[in-house]
Amino acid sequence: MRHVDIYTDGACSGNPGKGGWGAVLVYNGIEKEMSGGEAQTTNNRMELTAVIKALSQLKEPCEVTLTTDSKYVCDAINQGWLYSWQKNGWKKADKKPALNVDLWEELLPLLDEHKVEFVWVKGHNGHKYNERCDALAVNEYSNL
């Protein structure tokens, strides 16, 4: 399997409000940037969208190290919450409905297709790619 490093970030002006997402894919030293935005969304939706859009770019199954500053995304995967929510009819441990089910359902097949390791990095802390993804996301919502 090929190895790809992916960096993602989502941002919102207001939460909910205008939002953007950014991603950088790095393979064999080549970088590909991508971004998008929505007029009315939440930060967590933009974080998830960045992950989905980036993984969707891969044309074959890959080993991926995906770095994000989203504890929401990292913990949902790494702590197994996502799979518990799904198993329990998209209910969280407190019996409240899980949020963003449409996006989690879009992400699940991508996680089945690729071997993805989620790595959390502190946001706005000088990490080159996290800063770049944030700039891409902010630019997107600034232009809405």
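So, here's what we can say about the structure. (Residues numbered from 1 in each chain as written. Predicted model: local features only at pLDDT ≥ 70, side-chain atom pairs only at ≥ 80, totals over all residues. Heavy atoms only, no water.)

Examining helix α2 (residues 71-78)
Thinking step 1. Every buried residue of α2 is accounted for by V73, C74, D75, A76 and I77.
Thinking step 2. Contacts made by the buried residues of α2 are with α1 (43-56), β4 (62-68), α3 (81-87), α4 (101-113) and β5 (115-120).
Thinking step 3. Backbone geometry just after α2 places G80 at a positive phi near 80 degrees. (Buried < 20%, exposed > 50% of the residue type's maximum accessible area, 1.4 Å probe, protein only. Helix = DSSP H or I, 4+ residues; strand = E, 2+ residues; numbered from the N terminus. Contact = heavy atoms within 4.5 Å.)

Focus: the side chain of D9
Thinking step 1. Along the chain, D9 turns up in strand β1 (residues 2-14).
Thinking step 2. Within the buried set, D9 has no salt-bridge partner at all; the shortest N-O distance to an opposite charge, 11 Å, is to R132.
Thinking step 3. Residues contacting D9, with those up to four places away along its chain left out, are G20, W21, G22, M46, E47, A50, D69, N130, C133, D134 and A137. (Lys, Arg positive; Asp, Glu negative; His and termini not counted. Salt bridge = Lys/Arg side-chain N within 4 Å of Asp/Glu carboxyl O.)

Re the pattern of salt bridges
A side chain with one charge can pair with a side chain of the opposite charge if their charged atoms come near.
Thinking step 1. Within this structure, the stated rule accounts for 5 salt bridges.
Thinking step 2. D102 serves as the salt-bridge partner of R45, at 2.8 Å between the closest nitrogen and oxygen. Taken together, the positions of R45 in helix α1 and D102 in helix α4 put the pair 57 residues apart, joining distant regions of the chain.
Thinking step 3. Close ionic contact of D75 with K71 constitutes a salt bridge, the shortest N to O distance being 3.9 Å. Taken together, the positions of D75 and K71, both in helix α2 and 4 residues apart, correspond to about one turn of that helix.
Thinking step 4. Take K71: its relative accessible area is 43%, and that puts it in the partly exposed class.

A few points about the nonpolar core
Proteins that are soluble and globular tend to have nonpolar side chains buried together.
Thinking step 1. Counting residues in hydrophobic clusters, the biggest one holds 35 residues, and the most contacted among them are I6, L55, W104, L107 and F118.
Thinking step 2. Mapped onto this core, the elements with two or more residues apiece are β1, β2 (17-27), α1, β4, α2, α3, α4 and β5.
Thinking step 3. The residues touching L55, leaving out its near neighbours within four places in the chain, are I6, V64, L66, L107, L110, L111, H114 and V116.
Thinking step 4. Core analysis: the next-biggest nonpolar cluster, separate from the first, contains 6 residues, Y7, V24, V26 and Y129 among them. (Core = buried A, V, L, I, M, F, W, Y, C linked by side-chain atoms within 4.5 Å.)

Worth remembering: the numbers are spatial, not functional.
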